[in-house]
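# Fold and geometry: a report
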Amino acid sequence: MNRFNALLFSLLLSLAAPPGFSQATTEALADEGERLAALLRVGRRVVSNNQTLINDPDRGDKGLDSAAFLAKVDAAYRAQHGQGPLDGDLSDTQRRLTEAQLAAMATVLDENQELINSEGLGFKGFIPAIFGRLVNEQFAEQVGSEARLKVTAPMHLVRNRKARPDDWEAGVFNGQFSQPDWPRSQAFFETVATGEGEMFRMLIPEYYGETCLTCHGGPKGEVDVTGFPKEGAAAGDLAGAISITLKRE
Ligand code: HEC
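Residues numbered from 1 in each chain as written. Predicted model: local features only at pLDDT ≥ 70, side-chain atom pairs only at ≥ 80, totals over all residues. Heavy atoms only, no water.

An unreviewed UniProt entry lists the chain under the name DUF3365 domain-containing protein, from Sulfitobacter aestuarii.

Shown next, in the form of structure tokens:
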């Protein structure tokens, strides 16, 4: 092949490449999984940082509409990662998925304005876990089977049936994450063949901190503010995992 033909050939190849992760290495997919998890975590943290405001029964308008919320997400992301979620050298796919995640957060804030701004109501159930689940559901509506995020947990810790682990997730909880020498916070990932094609699957473990224990701590069985029986967990215990699925082909 002469140089011109080689150029033409690579041009045609790039034109023929479908959107998505078909050409991506496992390392790039794991990076993308970490990116998606990082933005979800920042969103949950912004809810957490504004929980007292959200729960304030004496204040109507909380000034926390979708634009204000996204500005806080952007600031928190910058503080932690040194740049905004859409900054840097992103691939088209990365940009599209991050934009979808941000749009999902905006939709969840828009849809819950009435609840958040209701006066006379203290605890409203708008907490990080529920926010996260709603955002992941919105995200799925936007991106379809290309990418999926879910917060799941070992079966005995599951509160919402939607968070139940599937066979692969349960296998990692009972296998890798149960090994005493599994490094703390280390994700597990692999490519899995499914009926829908090859999927990159990743599970990033999450642990309870002190602030989680008002709901997930002890005494076990006592009903928490959200109406669920507490799990009796201790700080540092495995709480669950962020599960990411990316379509490979
Ligand atoms: C105000 C009470 C409360 C606090 C504080 C809280 N959670 Fe939860 N958590 C819940 C509720 C309620 C759900 C179920 C949400 C749903 O319906 O999707 C939940 C769900 C979860 C889930 C998903 C699996 C499941 O059980 O359905 C994980 C994982 C989790 N919480 C971890 C944490 C961690 C880690 C913290 C601290 C950083 C925390 N939670 C703090 C109430 C709380």
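After that view, the rundown keeps rolling.
### Some remarks on the pairing of strand E3 (residues 197-207)
Going by this rule: Under the scheme applied here, a residue whose accessible area is under 20% of the maximum for its type counts as buried, over 50% as exposed, and between as partly exposed, the area being computed with a 1.4 Å probe on protein chains only. Helix and strand labels come from DSSP, where a helix needs a run of H or I of at least four residues and a strand needs a run of E of at least two; each type is numbered from the N terminus. Two strands make a pair as long as DSSP finds a minimum of two bridges between them.
Across the 11 residues that make up E3, a large majority, 9, are buried. As paired elements, strand E2 (residues 188-194) and E3 share 7 bridges and run antiparallel to each other. Opposite Phe188, over in E3, you have Leu203 as the bridge partner. Between E2 and the antiparallel strand that follows it, E3, lie 2 residues. Sheet topology note: the E3/strand E4 (residues 238-247) ladder contains 9 bridges and is antiparallel. Bridging across to E4, Arg201 finds its partner in Thr245.

### Some words on helix H7 (residues 128-143)
The line we're drawing: Expected helix span is computed as 1.5 Å times (number of residues minus one). Taking the helix axis as origin, the arc is that swept by the directions to the C-beta atoms. Here a residue-residue contact requires only that any non-hydrogen atoms of the pair lie within 4.5 Å.
With 16 residues, H7 extends 22 Å from end C-alpha to end C-alpha; this agrees with the ideal 22 Å at 1.5 Å per step. Buried within H7 are the following residues: Phe131, Gly132, Val135, Asn136, Gln138, Phe139 and Val143. All buried residues of H7 fall inside an arc of 165° around its axis, so they share one side. What points out from H7, more than 90 degrees from its buried face, is the exposed set Ala129 and Glu141. Contacts from the buried residues of H7 go to helix H2 (26-49), helix H4 (66-81), helix H5 (92-111) and strand E1 (147-152). Two residues or fewer past H7, Gly144 is found with a positive phi of approximately 65°.

### Examining the packing of H2 against H7
Note the cut-off: A fitted line through C-alpha atoms represents every axis, and for helices the fit uses only the stretch in contact; the resulting angles, taken between N-to-C directions, go from 0 to 180 degrees. Roughly parallel means an angle under 35 degrees; roughly antiparallel means over 145; roughly perpendicular covers 65 to 115; every other angle is labelled oblique. Left-handed describes a crossing in which the near helix is turned anticlockwise from the far one by less than a right angle; the clockwise case is right-handed.
Where H2 meets H7, the axes come as close as 9 Å, and the angle between the chain directions of the two elements is 140°. In terms of orientation, H2 and H7 fall into the oblique class. As H2 runs across H7, the sense of the crossing is right-handed. Here Leu36, Leu40, Gly43, Arg44, Val47 and Ser48 of H2 come into contact with H7, specifically with Pro128, Phe131, Gly132, Asn136 and Phe139.

### Some words on the packing of H4 against H5
The line we're drawing: Asp, Glu, Lys and Arg are counted as charged, while Ala, Val, Leu, Ile, Met, Phe, Trp, Tyr, Cys and Pro are counted as nonpolar; the rest, among them Gly, fall into the polar class.
In the contact formed by H4 and H5, the axes pass within 8 Å of each other and the chain directions differ by 140°. Taken as axis vectors, H4 and H5 run oblique relative to one another. The two elements H4 and H5 cross, and the hand of that crossing is right-handed. Counting all contacts with H4, which are made through Ser66, Phe69, Leu70 and Val73, the residues of H5 involved are Leu102, Met105, Ala106, Leu109 and Asp110. Residues belonging to the contact of H4 with H5 are distributed by class as follows: 7 nonpolar, 1 polar and 1 charged.

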